[in-house]
Amino acid sequence: MVDRTSGVPAFRQVAADLREKIAAGQYAPGDQLPSERELVDVYSVSRPTVRDAVDVLRREGLVIAEHGRGVFVRPPASIQRIARSRLSKEARAKNRGAFLADAAARGFAPSSSVTVRFERADARAAKHLAIDEGAEVTVRDRVMRADGLVVQLAVSRLPRELTRDTAIEQVDTGSGGTYARLEDAGHELGSFVEHVGARMPNPVEASQLQLADGVPVMTVTRVAYGTDGRPLEMNDMVLAADRYELSYEWPAD
């Protein structure tokens, strides 16, 4: 029940009570909150009031709303992204790509959805991939999840001349992923360069990552080069800043 004489809006009272229950562990990470109808009965308020209360918690980053399923307490997802051997030949040979390696290190269940399309290279892609502007590129667009929570968006672009008639143009690239297929085609990987930044998300990114208001994203643009110095792939990654730690390690010599 809410106190109608307190002067505090009903939706804020409902949000405060739910917040306290989450903090106390009554609703644990990953738990589903009672349905909208149940909350209406519990607090004797209208559906719009319940929706406003849940929206407060969503904007605070405490809950996530999944269409058709309900509202869930956001699970803690702290991912340490270690830039050391995540892209080594040994890791690729074991089918332990970068995101899978992060999952193994932090104990979360990884999953992703992939779409493949083709487009013409804009000026930025042409520069990073050392191709002509307007040249055809293969685009692999991935939404990556940790324990079901979207934590990273990644869009890879590769010159179409390198991917034509290979599994890189399929959703499932097979064991070892895109890099293994490039090497199968004779393009041995030689090095990687990453450019790291930070900014506020655009509306699509904020929605996909279900970010609380005011939470920024980290951006990583990785370019993979062949042993001959030719750029093979440009991968633009957008990471939820409240769920990632970037760790870098290199030898002193």
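A.B. asks: Can you tell me about the overall build of the protein, naming the residues and giving the values?
C.D. replies: Scanning the protein from N- to C-terminus turns up 9 helices and 10 strands. By residue count, 42% of the 253 residues in the protein fall in the buried class. For the protein, contacts bridging at least 24 residues in sequence account for 60% of all contacts bridging at least 6. Carbon together with sulfur atoms contributes 49% to the accessible area of the protein, which is approximately 13,300 Å² in total.

A.B. asks: Go over the pairing of strand β1 (residues 63-66) with me, naming the residues and quoting the values.
C.D. replies: Across 4 bridges, the pairing between β1 and strand β2 (residues 70-73) is antiparallel. Among the inter-strand pairings, Ala65 is bridged to a residue of β2, identified as Val71. Taking the residues that link successive antiparallel strands as the turn, the β1-β2 hairpin has 3 residues, and the phi of Gly68 there is positive, at about 80°.

A.B. asks: Give a description of the nonpolar core that names residues and reports values.
C.D. replies: Ranked by size, the top nonpolar core spans 20 residues in total, and within it Val14, Leu18, Tyr43 and Val45 carry the most contacts. Going through the elements one at a time, α1 (10-23), α2 (36-43), α3 (47-59) and β2 are the ones with two or more residues in this core. Once you skip the residues sitting within four places of it in the chain, Leu18 turns out to touch Tyr27, Leu39, Tyr43 and Leu57. Core analysis: the next-biggest nonpolar cluster, separate from the first, contains 12 residues, Phe72, Ala146, Val220 and Tyr244 among them.

A.B. asks: Before we move on, could you go through the pairing of strand β6 (residues 149-159) and cite the residues and values that matter?
C.D. replies: Across the 11 residues that make up β6, a large majority, 11, are buried. Strand direction decides the pairing type here: strand β5 (residues 136-146) and β6, joined by 10 bridges, are antiparallel. Residue Val143 lies in a different strand from β6, and its bridge partner there is Leu153. Taking the residues between adjacent antiparallel strands as the criterion, β5 and β6 are bridged by 2 residues, where Asp147 takes a positive phi near 55°. Summarising the sheet, β6 and strand β9 (residues 231-240) pair through 6 bridges and their orientation is antiparallel. By the bridge assignment for β9, Ala154 is matched with Met237.

A.B. asks: Tell me about unusual backbone geometry, and name the residues and values.
C.D. replies: At Ser44, a position not held by glycine, the phi torsion is positive, near 55°. Locating Ser44 in the fold gives a position in the loop between α2 and α3. Take Ser44: its relative accessible area is 35%, and that puts it in the partly exposed class. Phi is positive for Ala130, which is not a glycine, with a value near 55°.

A.B. asks: Explain the sheet that holds strand β7 (residues 189-199) residue by residue, including any values.
C.D. replies: The strand order across the open sheet formed by 6 strands is β4-β5-β6-β9-β8-β7, and the pairing between neighbours is antiparallel. Here the strands that pair on one side only, and so sit at the sheet edges, are β4 (110-120) and β7. Direction aside, the axes of adjacent strands within the sheet are offset by 15° on average. Direction of pairing for β4 relative to β5: antiparallel, over a ladder of 11 bridges. Within β5, the residue paired with Arg117 across the bridge is Val139. Against the sheet, helix α8 (residues 177-184) contacts β5, β6, β7, β8 (217-226) and β9, and its axis sits at roughly 150° relative to β7.

Rules used throughout
Numbering of residues begins from 1 in every chain and follows the order in which that chain's sequence is written. Restriction of local features to residues with pLDDT of at least 70 applies here, the model being predicted, together with a cutoff of 80 or more for giving and counting side-chain atom pairs; totals for whole chains, interfaces and linings are based on all residues. Each side-chain value is derived from all of the structure's non-hydrogen atoms; neither hydrogens nor water enter the calculation. For the purposes of this entry, the term helix denotes a DSSP run of H or I that reaches at least four residues, the term strand denotes a run of E that reaches at least two, and both are numbered from the N terminus. Accessibility here uses a 1.4 Å probe with only protein chains present; expressed as a share of the type maximum, an area under 20% marks a residue as buried, one over 50% as exposed, and anything in between as partly exposed. In what follows, a contact means two residues having at least one pair of non-hydrogen atoms within 4.5 Å. The Shrake-Rupley method, run with a 1.4 Å probe sphere, supplies the accessible areas, and residue values consider only the shown protein chains as cover. Here, strands pair whenever DSSP counts at least two bridges between them. Working definition of a nonpolar core: buried Ala, Val, Leu, Ile, Met, Phe, Trp, Tyr and Cys residues. They are joined through side-chain atoms within 4.5 Å. Axes here refer to lines fitted to C-alpha atoms; in helices the fit is confined to the stretch in contact. Angles between the N-to-C directions go from 0 to 180 degrees.

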